[in-house]
Amino acid sequence: GEGTISLPRLKRIFVDNLTIKELTNLLNDSYQEFIIMPSVEISVSAYRPIKVSVRGEVERPGIKVIKGSMTMVADDNNDQNQVNNYFPTIFDAIRAADGITEYSDLTNIRIIRKNSISKGGGLISTTINFESFLKDGDPVSNLRVYDSDIIEVGYSDNQNDLNLANAISSGLNPRFIN
């Protein structure tokens, strides 16, 4: 909860907002005092839920809690199941906000995210065209979301019934599905 871990010899280390690669490098550097050529390996055993803020033209804006990873089991027709981790995306965040409104501008969705320490820290943002994902299933615009991301759905002066119909048929607006 405080962003620290305790390890033998190293004691308490502050690890909040580090990527796995950054943490691996930090631990390898720190253990060099005690071990010749340390080789730390880190793997995530379970992902905690993430909190994202969804704002703008969605049915229920606010902070949404989404599973950090979901497991999907697929049958590969050889009586063997393939287990894949699925990470939450913009679709999942907007769905958690009960979907879009008829005045949502899906060509103008802004994502604001904390930048990793190794990349300078601070906040970074980008704007995506999510309409191409809803209309054509183009996965490029359905970005993965991370803890503390902010998703802002733009406003359009014109009502867009086609976007709303696509949202309903894709399951983005779950309250419209019977």
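The rules behind each value
- In this convention, every chain numbers its residues from 1, walking through the sequence in written order.
- Thresholds applied to this predicted model are a pLDDT of at least 70 for local features of residues and 80 or more for the giving and counting of side-chain atom pairs; totals over whole chains, interfaces and linings are not thresholded and use all residues.
- Processing note: side-chain calculations cover all non-hydrogen atoms of the structure and skip hydrogens and water entirely.
- Helix numbers and strand numbers start at the N terminus; a helix is a DSSP run of H or I with at least 4 residues, a strand a run of E with at least 2.
- Per-residue accessibility, obtained with a 1.4 Å probe over protein chains only, is compared with the maximum for each type, and a residue is labelled buried under 20%, exposed over 50%, and partly exposed between these values.
- The contact criterion used is simple: two residues touch if any of their non-hydrogen atoms lie within 4.5 Å.
- Strand pairing is assigned whenever DSSP detects at least two bridges linking the two strands.
- Axis angles are defined between N-to-C directions and span 0 to 180 degrees, where every axis is a line fitted to C-alpha atoms and, for a helix, only to the segment in contact.
- The patch calculation keeps residues exceeding 30% relative accessible area without a salt bridge and links them within 9 Å when they carry like charges or within 5 Å when they are nonpolar (Val, Leu, Ile, Met, Phe, Trp, Tyr).
- For accessible areas, the Shrake-Rupley method is used with a probe of radius 1.4 Å. Any residue's cover is judged against the shown protein chains and nothing else.
- Any carboxyl oxygen of Asp or Glu within 4 Å of a side-chain nitrogen of Lys or Arg constitutes a salt bridge here.
- What a helix is expected to span follows from its residue count: subtract one and scale by 1.5 Å.
- Aromatic rings from Phe, Tyr and Trp, taking only the six-membered ring of Trp, are treated as a pair when their centres fall within 6.5 Å; an angle between ring planes under 30 degrees marks them as stacked, one over 60 as edge-to-face, and anything in between as tilted.
- Throughout this description, the term charge over a ring refers to an Arg CZ or Lys NZ atom that lies within 6 Å of the ring centre and within 35 degrees of the ring normal.

1. Quick look at the side chain of S53
Within the fold, S53 resides in strand β3 (residues 50-56). Classification of S53 by relative accessible area gives buried; the value is 18%.

2. Notes on the environment of L106
Along the chain, L106 falls in strand β7 (residues 104-114). Its relative accessible area of 0% is what places L106 among the buried residues. In contact with L106, not counting residues within four places along its chain, are I100, I128, N129, F130, E131, L134, V153 and N163.

3. Structural notes on the environment of A96
Secondary-structure assignment places A96 in helix α2 (residues 90-96). Through-space distance from the C-alpha of A96 to that of R60 is 8.4 Å; in sequence the pair is 36 residues apart.

4. Digging into the sheet that holds β3
Pairing is mixed in the open sheet, where five strands are placed in the order β4-β3-β9-β7-β8. A strand with exactly one partner marks an edge of an open sheet, and here the two such strands are β4 (62-66) and β8 (123-128). Sheet twist, expressed as the average angle between the axes of neighbouring strands with direction ignored, equals 25°. As paired elements, β3 and β4 share five bridges and run antiparallel to each other. Directly across from V52, in β4, lies its bridge partner K64.

5. Topic: a nonpolar patch on the surface
On the surface, I20, V44 and Y47 cluster together to form a nonpolar patch covering roughly 240 Å² of accessible area. You can see V44 is positioned in the loop between α1 (20-31) and β3.

6. Some thoughts on the side chain of T101
Tracing the backbone shows T101 in the loop between α2 and β7. The buried category is assigned to T101, whose relative accessible area is 12%.

7. A word on α1
One turn of an α-helix holds 3.6 residues; hence residues three or four places apart share an orientation. Spanning 12 residues, α1 covers 16 Å between terminal C-alpha atoms, matching the ideal 16 Å at 1.5 Å per step. Restricting attention to buried positions, one finds in α1 the residues E22, L23, T24, L27, N28 and Y31. The inward-facing, buried residues of α1 contact β1 (4-7) and β2 (11-14).

8. Notes on the pairing of β7
Taken together, the six bridges between β7 and strand β9 (residues 150-155) define a ladder with antiparallel strand orientation. Looking across to β9, one finds that S104 is bridged to Y155. The pairing of β7 with β8 spans six bridges and is antiparallel. Bridge pairing in β8 places R113 opposite I124.

9. Description of the packing of aromatic side chains
Summed over the entire model, instances satisfying the criterion amount to four aromatic pairs. On the basis of an interplanar angle of 80° and a centroid distance of 5.0 Å, the ring pair of Y47 and F87 is categorised as edge-to-face. With a gap of 40 residues between them, Y47 in the loop between α1 and β3 and F87 in the loop between β6 (81-86) and α2 connect regions that are remote in the sequence. Here Y47 falls in the partly exposed class, since its relative accessible area comes to 36%. Consider the rings of F130 and F133, whose centres lie 5.3 Å apart with planes at 35°: the pair is tilted. Exposure class is identical for F130 and F133. Each is buried. Directly above the ring of F87 sits R144, whose terminal nitrogen or CZ lies 3.8 Å from the centroid.

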